Every structure is written in structure tokens, then in C-alpha cells.
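Survey of secondary and tertiary structure
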Amino acid sequence: MTTRSSDSFEIDVKCPWCSHQAKKRVGWIRSHCQMECLNCGGIVDIESKNFMPTGVAPPQK
Ligand SMILES: [Zn+2]
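Now for a look at the structure at hand. Given the structure is predicted, the values throughout are model-derived calculations rather than measurements.

What to know about the overall build of the protein
What the protein contains, in helices and strands, is 1 helix and 4 strands. Counting helices and strands in the order they occur from the N terminus, the protein gives β-β-α-β-β. Residue burial in the protein is summarised as follows: out of 61 residues, 8% are buried. Looking at the protein alone, contacts between residues at least 24 apart form 21% of all its contacts between residues at least 6 apart.

Structure follows, in C-alpha cells:
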């Protein structure tokens with residue numbers, strides 16, 4: 001499936017740790033497999049695109 005035209009499409013990536021949502025472009029997600037949550041600092045694994053709570057938990061404060 002060629003979805004090059006959808007690269008600029010924005011989707012919400014929800015942080016499994018704090019439910020913070022960040023808008024990310026599909027093109028960005030394609031070239032990244034993890035995202036650092038700007039709210040809690042947790043690492044969100046976006047490789048699976050299922051946005052399951054995997055990766056590194058945010059640091060406890
Ligand atoms: Zn978070």
C-alpha cells in the first residue's frame with residue numbers, strides 16, 4: 001500500500017503512562033520507533049502503532 005500522500009496526516013499518539021496526547025505526522029512516525037512524552041518524560045513505543053504501554057516507564061517523581 002503506497003501511502004506517501006498520507007505522510008503529512010497527523011494522528012494523536014496517546015501516552016500510555018499519563019494519557020497525554022501528542023500530534024505526530026505519519027511521516028515522522030515512519031522514521032521513528034519511539035517518542036518521548038513531553039508531559040511525563042516516558043518513552044512511548046510507537047513502532048507497533050498499537051500504542052500499547054511498552055517501552056520505558058516515566059521516571060517517578
Ligand atoms: Zn506521558
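Now, onward.
What about the environment of Ser 8?
The topology assignment puts Ser 8 in the segment before strand E1 (10-14). The exposure class of Ser 8 is exposed, given the 10 C-beta atoms found within 10 Å. Along the primary structure Ser 8 and Trp 28 are separated by 20 residues, whereas in three dimensions their C-alpha atoms are 8.5 Å apart. Not counting the four nearest positions on each side in its chain, Ser 8 is found in contact with Arg 25 and Gly 27.

Some words on unusual backbone geometry
Positive phi is not limited to glycine here, since Ser 19 has a value of about 65°. With respect to the helices, strands and loops of the structure, Ser 19 is situated in the loop between E1 and strand E2 (21-25). For Ser 19, a count of 10 C-beta atoms within 10 Å translates into the label exposed.

The rules behind the values
- Residues numbered from 1 in each chain as written.
- Predicted model: local features only at pLDDT ≥ 70, side-chain atom pairs only at ≥ 80, totals over all residues.
- Helix = DSSP H or I, 4+ residues; strand = E, 2+ residues; numbered from the N terminus.
- Buried ≥ 20, exposed ≤ 12 C-beta atoms within 10 Å, placed from the backbone.
- Contact = placed C-beta atoms within 7 Å.

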